[in-house]
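Here's the letter readout for the chains.
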Amino acid sequence: MVGKDEKNVNVKEKIFIEKLYKSLFNKMYYYSLSALGRPEIAEEAVQEAFRIACSRIKVLMKSENPEGWMVITQKNVIRNIRRSQAAYNNAIISLLAESAKSDNVFTDDPEQRAVLHEIAKNEEFIMLKMISEGYSYLEISEKLGISIEACKKRAQRLQKKIQNNYF
Amino acid sequence: MSEIGNNKQKKFPEFDCLSTEELIELLRRDSYSDPYDTTKVDAILHISGVIEERTRKEKAENALTTDEAWEKFNRLYLNIKSDTPLYEPTEKINRNCDLNIKRRLRVLYAAAAIALMIFAGSITAKAFNIDIVDTIISWGKETFGVSVSKEADVGSERNVDNEVIDKIADHGINRNLIPTYIPEGYELEKIEESMTPDLKDVVCGFARGDEMIILQYTFHDSDFFTSDIQKNEEEPTVYDVNENRYYIFINNNRFNACRSEKDLILYIFGVPTKEEIIKIISSIKE
């Protein structure tokens, strides 16, 4: 969606978004940093807010208060980041407990255990842990040598895998 | 189309005299408030601008410039072709997890104990020697509309055996902090204790069929301990009982409560009704 809109963004819209970006980036960054605590995830939160803005550029430009619109978008991004981290925490909790407890509190099903062990061994687990600890997708993508988009898709597939096989 | 900057930004001199740490705390608290509340936008932008100005003076050499950030945005983020946001709302995920956790009794309290260990590792230092929970509630009064009840008159009921109280007290919990009332049918199933250098958790699980009530004691020795608790859209309620202040809130259709003191946070999770949770907290003597 962002890609399609970006192709259709005209020169006037590009100038508008760049001007808005340069006037608001720092203020939104420090707001995000206050909320999330880490510079890298704070920066990514702002970048994501502007990415959303680009996908809704026509709505944004009609707004009577584009700065207010951006602040609201930023707050929603922050809220979703927190919820996302909490959701991945659930998966981490399951995996940590599984590896920590020898009496296998969570499952007696050998297939489920195999899935959990498989996940825990490889880079997917690393990704899951990094998300839950507040690392940005950019940081994780750099560590794994993949794009941000690929990073996000892998995380979503992993979440689904754990839910389907474990829960 | 509105031009950028046509909305003349108001000035808020009352914030200029606050320290940077205090301003950061204000923004952090605001990030938990209703995202669609537009009444504080100008104040937020002003505060962020003050922090930016002060930070720029202190750390000029390491700051990411706006031009660099804009270049990064165009290079790395703008062309992500996904139809969905990078960070999606996770209601579906949380709902699925909740339904399945109810089917596995032992998962819930073990998860709570381990979750606190994870949260303890990621706590950020925020405090000015003030009650964190109180300040969040007081900041959010406009948006939460928190109501304060009079001291609850629910009488005292007792149905918890001394044996159960002894088992919990064996983990270092003051007997006067242990409720003497638990809703009918719930039996103590397990007690988990976990420790990190700064934190000790004692988690008690009371089970009734597929349902579970969690009693969690978190001991911390840091002035900067913070804890985030998830609630749904309804407003939390403050209850003063036995000279103690509890915050009651709803999450996933269950009533929960928390109480914060100098080095202890007491949580009660998973109670079916409001009346029952009030009975539980009323039975805690201290």
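Residues numbered from 1 in each chain as written. Chains lettered and ligands numbered in written order. Predicted model: local features only at pLDDT ≥ 70, side-chain atom pairs only at ≥ 80, totals over all residues. Heavy atoms only, no water.

### Things to note about the overall build of chain A
Check the secondary structure of chain A and you find 9 helices and 0 strands. Going residue by residue from the N terminus, the α and β elements of chain A occur as α-α-α-α-α-α-α-α-α. Counting over 167 residues, chain A shows a buried share of 60%. Here the analysis covers contacts within chain A between residues at least 6 apart in sequence; of these, 64% occur between residues at least 24 apart. (Helix = DSSP H or I, 4+ residues; strand = E, 2+ residues; numbered from the N terminus. Buried < 20%, exposed > 50% of the residue type's maximum accessible area, 1.4 Å probe, protein only. Contact = heavy atoms within 4.5 Å.)

### Some details on empty space enclosed by the protein
Within the structure shown, the criterion is met by 3 cavities of 30 Å³ or more. When its volume is computed, the second largest cavity comes out at roughly 40 Å³. At the level of secondary structure, the elements contributing two or more residues to the lining of the second largest cavity comprise α2 (11-36) and α5 (66-100) of chain A together with α3 (41-58) of chain B. Its residues placed into classes, the lining of the second largest cavity shows 5 nonpolar, 2 polar and 1 charged. (1 Å grid on protein atoms, 1.4 Å probe; cavity = no way out; pocket = protein on both sides within 12 Å on 5 of 7 lines; lining within 4 Å. Points joined across faces, edges and corners; volume = space filled by probe spheres on them. Nonpolar A, V, L, I, M, F, W, Y, C, P; charged D, E, K, R; others polar.)

### Structural notes on the pattern of salt bridges
Inspection of the entire model under this criterion finds 20 salt bridges over all chains. Connected via shared salt-bridge partners are Glu18 and Lys22 of chain A together with Asp67 of chain B. (Salt bridge = Lys/Arg side-chain N within 4 Å of Asp/Glu carboxyl O.)

### As for the packing of α2 of chain A against helix α3 (residues 39-55) of chain A
Residue and element names in this part refer to chain A. Their axes nearest at 8 Å, the elements α2 and α3 cross at an angle of 140 degrees. Classified by the angle their axes make, α2 and α3 are oblique. By crossing handedness, the relation of α2 to α3 is classed as right-handed. Taken together, the residues of α3 that come into contact with α2 (itself represented by Ile17, Leu20, Tyr21, Leu24, Phe25, Met28, Tyr29, Ser32, Leu33 and Leu36) are Pro39, Ile41, Ala42, Glu43, Ala45, Val46, Gln47, Ala49, Phe50, Ala53 and Cys54. When grouped by side-chain class, the residues that make up the contact of α2 with α3 number 18 nonpolar, 2 polar and 1 charged. (Axes fitted to C-alpha atoms, helices over the stretch in contact; angles between N-to-C directions. Parallel < 35°, antiparallel > 145°, perpendicular 65-115°, else oblique. Left-handed = near helix turned anticlockwise from the far one by under 90°.)

### Some words on the nonpolar core
Grouped together as the largest cluster of nonpolar side chains are 61 residues, with contacts concentrated most on Ile17, Phe50, Leu60, Met70 and Tyr137 of chain A together with Phe73 of chain B. Top contributing element to this core by residue count: α2 of chain A, with 12 residues. If near-sequence neighbours (up to four positions away) are discounted, leucine 60 of chain A is found in contact with Phe16, Ile17, Leu20, Ala53, Pro66, Trp69 and Met70 of chain A. (Core = buried A, V, L, I, M, F, W, Y, C linked by side-chain atoms within 4.5 Å.)

### A word on the side chain of asparagine 26 of chain A
Mapped onto the secondary structure, asparagine 26 of chain A falls in helix α2. Separated by 3.1 Å, the side chains of asparagine 26 of chain A and glutamate 52 of chain B make a polar contact. (Polar contact = N/O pair within 3.5 Å; in protein donor to acceptor, adjacent residues only side chain to side chain.)

### Structural notes on the confidence of the model for chain A
Detailed reading of the predicted coordinates is not advisable wherever pLDDT falls low. All names here are of chain A. Averaged over every residue, the pLDDT of chain A is 78; the share at 70 or more is 69%. Taken as a whole, residues 1-7 scores under 50 in pLDDT and shows 15 contacts with residues more than four places along the chain or in a different chain. Across residues 100-105, confidence stays below pLDDT 50; counting only partners more than four residues off in sequence or on other chains, it has 4 contacts. (pLDDT = per-residue confidence, 0-100.)

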